[in-house]
Amino acid sequence: MTTDVSTAGRHPRAGQVVLLAGLGLVVVSAVLLVVTGNTGIRYSADHDGTVPMWSRWIPALAGIALIRLIPPTSDPRWPDPVAPYREAVPLLLAGIAFAAVMPLLGGEPAYTVLKLALLLGVPAGVFLAARRWPPRSRPGPAPPDAAHRWGPALPVAVWLVLSYATPLAVPASDWGRTFRPVTLVVILLAGFAVNALLEEVFYRRWLQTRWESLLGRWPAIVLASMVWAAWHVAIQGTGRPGVDLATVVVNHGVLGLFLGYLWSRYRRMWPLLVVHGALNAMPALTGL
């Protein structure tokens, strides 16, 4: 029987270490926030409003459970990268560098320039070096079956309902009302392209997929989630490094597990973009 590269990597012991370390970081971060009385976490870079950290876990964990309960007929088989180490390692270093350098910058446009350079420019160079630009994710033209195409619909719908239409929803913001409708649409679309689209392509489609071939599914999901979470310290931090890192780990890190599992199980981009886009636009849209 052929082993699916999305579930079993080449280095299972290293994968176990990464998995335990990542999940341990989530637990330690949650305990730290409880002990220090910082269980209210920021949910937007546009203001200092907070919500209880557990309110962000419930939609993500519910989505993960539904993905597990409603699996596709079979996991999509993706080929190993042409040069897994030469692709996976530079992408990981680019993600780490993005998280490390962001807090040193003074805001826009430096943030966007750095993001484009590290999350788009570095991958372009890596894939060109491997003669694989644009990077091909499937070895052949076979379309996904109905389970892969529509399987993510219920987990995504439940996440949206829990996040928007229950007491778990973040407080509404008047930020969107300060712009003309056309201006607001342009701002949201630009933010969607630079944030949701670019980040999901980099952290899940490129970074996570390549580390899956080396470490296995869940270690790669955890690794990509932690690297993705870390950069948010720069835009949602409060100047307390330990608390700030713990906050993004229990917030974005846990959400990243949901996004990563969606990607690993279905290999479809639209669910990731819907969730990430809705997350970023949530305060503005609820305020409207």
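Residues numbered from 1 in each chain as written. Predicted model: local features only at pLDDT ≥ 70, side-chain atom pairs only at ≥ 80, totals over all residues. Heavy atoms only, no water.

With 26 residues, helix 10 (residues 241-266) should cover 38 Å at 1.5 Å per step; its first-to-last C-alpha distance of 36 Å lies within 8% of that length. Valine 249 marks where helix 10 bends most, by close to 30°. (Helix = DSSP H or I, 4+ residues; strand = E, 2+ residues; numbered from the N terminus. Expected span 1.5 Å × (residues − 1). Bend = angle between axes of the 7 residues up to and from the residue.)

This part covers the environment of glycine 191. Structurally, glycine 191 is set in helix 7 (residues 181-215). On the basis of relative accessibility, which here comes to 23%, the residue glycine 191 falls in the partly exposed class. Between the C-alpha atoms of glycine 191 and alanine 281, which are 90 residues apart in sequence, the distance is 8.8 Å. (Buried < 20%, exposed > 50% of the residue type's maximum accessible area, 1.4 Å probe, protein only.)

Another point: helix 8 (residues 217-230). Taking 1.5 Å per residue, 14 residues should reach 20 Å; helix 8 reaches 20 Å between its end C-alpha atoms and fits that length. Among the 14 residues in helix 8, twelve count as buried, and that is most of the element. Those residues of helix 8 that fall on the buried side of the exposure criterion are Arg217, Pro219, Ala220, Ile221, Val222, Leu223, Ala224, Ser225, Met226, Val227, Trp228 and Ala229.

The subject of this paragraph is the confidence of the model for the chain. Across the chain, the average pLDDT comes to 86, with 83% of residues at or above 70. Per-element averaging of pLDDT across the chain places helix 5 (residues 146-150) at the bottom with 72 and helix 8 at the top with 97. (pLDDT = per-residue confidence, 0-100.)

Right, let's talk about the pattern of salt bridges for a bit. Within this structure, the stated rule accounts for four salt bridges. Between lysine 115 and glutamate 199 there is a salt bridge; the shortest N-O distance is 2.6 Å. Of this pair, lysine 115 sits in helix 4 (residues 110-129) while glutamate 199 sits in helix 7; the two residues are 84 residues apart in sequence, bridging distant segments of the chain. Taking the relative accessible area as the measure of exposure, lysine 115 reaches 4% and is therefore buried. Residue glutamate 200 pairs with arginine 204 through a salt bridge whose shortest N-O separation is 2.8 Å. Of this pair, glutamate 200 and arginine 204 both sit in helix 7, four residues apart, which is roughly one turn of the helix. Considered together, glutamate 200 and arginine 204 belong to a single accessibility category, that of buried residues. (Salt bridge = Lys/Arg side-chain N within 4 Å of Asp/Glu carboxyl O.)

Now for unusual backbone geometry. In this chain, glutamate 108 is followed by proline 109 through a cis amide linkage whose omega measures 5°. Inspection of the secondary structure puts proline 109 in the loop between helix 3 (84-101) and helix 4.

So, about the side chain of aspartate 244. Mapped onto the elements, aspartate 244 comes out in helix 10. No salt bridge forms around the buried aspartate 244; measuring N to O, its nearest opposite-charge neighbour arginine 240 is 5.0 Å away. A polar contact is formed between the side chain of aspartate 244 and the backbone nitrogen of glycine 239, at a distance of 3.0 Å. In contact with aspartate 244, other than residues within four places in its own chain, are Val233, Gly237, Thr238 and Gly239. (Lys, Arg positive; Asp, Glu negative; His and termini not counted. Polar contact = N/O pair within 3.5 Å; in protein donor to acceptor, adjacent residues only side chain to side chain. Contact = heavy atoms within 4.5 Å.)

Taken as a whole and assessed by the stated rule, the structure comprises four aromatic pairs. Ring centres 5.2 Å apart and planes at 40° place the aromatic pair phenylalanine 98 and tryptophan 231 in the tilted group. Here phenylalanine 98 is found in helix 3, whereas its partner tryptophan 231 is found in the loop between helix 8 and helix 9 (233-236), with 133 residues between them in sequence. Exposure remark for phenylalanine 98: the relative accessible area of 0% places this residue in the buried category. On the accessibility criterion, tryptophan 231 (4% relative accessible area) is buried. Where phenylalanine 202 meets tyrosine 203, the ring centres are 4.9 Å apart and the plane angle is 85°; that geometry is what we call edge-to-face. (Phe/Tyr/Trp six-rings, centres within 6.5 Å; stacked < 30°, edge-to-face > 60°.)

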